[in-house]
Structure formats: structure tokens, C-alpha cells
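One letter stands for each residue in the lines below.
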Amino acid sequence: LSDRIESQAPDVNVVIQPGATVKIADSASPTILTDNTGQDRVPLFYITHNNVSIKNDGTMDGNNANHPQGHAALFQDVNSGGIDSKGGDLVDTHDTVFCADCTGLQLTNLYYATSSGNRVAVVALEGCEDCTVHNITGVDTGETVDLNGANEDIQLSNIRGKNLSDQVLDIN
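As a convention, each chain's residues are numbered from 1 in the sequence order in which they are written. Reporting in this predicted model follows two pLDDT cut-offs: at least 70 for local features of residues, and 80 or more for side-chain atom pairs to be given and counted; totals over whole chains, interfaces and linings ignore these cut-offs and use all residues. Excluding hydrogens and water, the side-chain values take into account all heavy atoms of the structure.

Draft legend 1. View of unusual backbone geometry. Positive phi outside glycine occurs at Asn63, with the angle close to 50°. For helices the rule is a DSSP run of H or I covering at least 4 residues; for strands it is a run of E covering at least 2, with both sets numbered from the N terminus onward. Its place among the elements puts Asn63 in the loop between strand S7 (59–61) and strand S8 (70–76).

Below, the structure is given as C-alpha cells:
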């Protein structure tokens, strides 16, 4: 890809097939998003419409090595939708799935391992409500799940971490 894939309408299901890889090219100059905290982000998928779901059976490569702050998906101010990566791979990302000001997301079956020393979270939520975070594993990452300010009613289950530089669950 030369830039992110951005949601264009609500009620969309995206399926990444086995063997497929979604990645921003090394030489690309993707659009950099700056969030409300001043943090730059370069997502593969930028979701701004309600009820957009991603089913990953392939590989989502954030290409953080060439595009710092690369994310597999960034959900911003949406109601419902989410990502399920059972059977898929998530590689070379920073805060693999980042969600800001969202309600009713389902974030399931996310496994992320890094050998790059990149201090990331597999899932980060900020200002979200009524979301389900299930079956999340971080290996050699910073944190498995990072719940930043103003989250409410977040349901967590099966959160695991191994060889983390920080915590399995960070609530601040």
C-alpha cells in the first residue's frame, strides 16, 4: 500500500484472506495522523465509521521499522465493529490496535510477539465504553492491554503476557 485503508461507509466487513499481507510499502510516504494527545499515528486501517469489522486470516504488517507509530488498525469515534485476528498474524506495529472514543467494539484473538525491543501494547483504548477485549496475548512487548484515561465498562478476559517490559494490563 502507498497509504492507509480508510473506512468509507458504515456496516462493512473486511476480510484478509489466508496468505494475504496488508502492509504500507517501505518507500511510501503515508499520511500521518495526529491524535488529540499530539501522538503521531500511521495505521494500516483507519476506521471512522460505525460497525466496521476486520477479520484477519492473513498478515497485517504495520511496517513500524520504516514508518514509526505504525498500527494494524486505528478505530476513532465509532460505535460497534472491531477486529478478530484468529488465524492471522500481526507484525511490526506500535500499539497494534488503538481505539479512541469508541463504544461497543469487539477486539478478539489478537496475538503479537516482537523481537525488535519495541515497547508496544497489543491493544490500547482511550475514552472508550462498553467494549469487549478477549483472548489477547503479548510476547516480548511492553504491555498486553493499555487502558488509558476515561474508559468505562470495558470487559476483559483471557489477557496474557510473557517476557513483558511493562505490564500485562496497564490502567491509568
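Moving on from the coordinates now.
Draft legend 2. Quick look at the pattern of salt bridges. One side-chain nitrogen of Lys or Arg within 4 Å of one carboxyl oxygen of Asp or Glu is enough to make a salt bridge. Counted by the stated rule, this structure contains four salt bridges. Note that Asp57 is salt-bridged to Lys55, the shortest N-O span being 3.0 Å. A simple rule labels every residue: compare its accessible area, found with a 1.4 Å probe on the protein chains alone, to the largest value its type can have, and call it buried under 20%, exposed over 50%, or partly exposed in between. In this structure Asp57 comes out as partly exposed when scored by relative accessible area, which is 24%. Of the residues examined, Lys55 reaches a relative accessible area of 28% and is grouped as partly exposed. One salt-bridge network, held together by shared partners, links Lys23, Asp26 and Asp61.

Draft legend 3. Spotlight on the nonpolar core. Note on terminology: a nonpolar core comprises buried Ala, Val, Leu, Ile, Met, Phe, Trp, Tyr and Cys residues joined through side-chain atoms within 4.5 Å. Counting residues in each nonpolar core, the largest one holds 35 residues, and the members touching the most others are Phe75 and Leu107. Where this core is concerned, the elements lending two or more residues are strand S5 (40–47), strand S6 (52–56), S8, strand S11 (97–100), strand S12 (103–113), strand S13 (121–126), strand S14 (132–139) and strand S15 (143–147). Contact criterion: two residues are considered in contact whenever any of their non-hydrogen atoms come within 4.5 Å of each other. Aside from chain neighbours lying at most four places away, what touches Leu107 is Gly82, Ile83, Val97, Cys99, Val123, Leu125, Thr132, Val133, His134 and Ile136.

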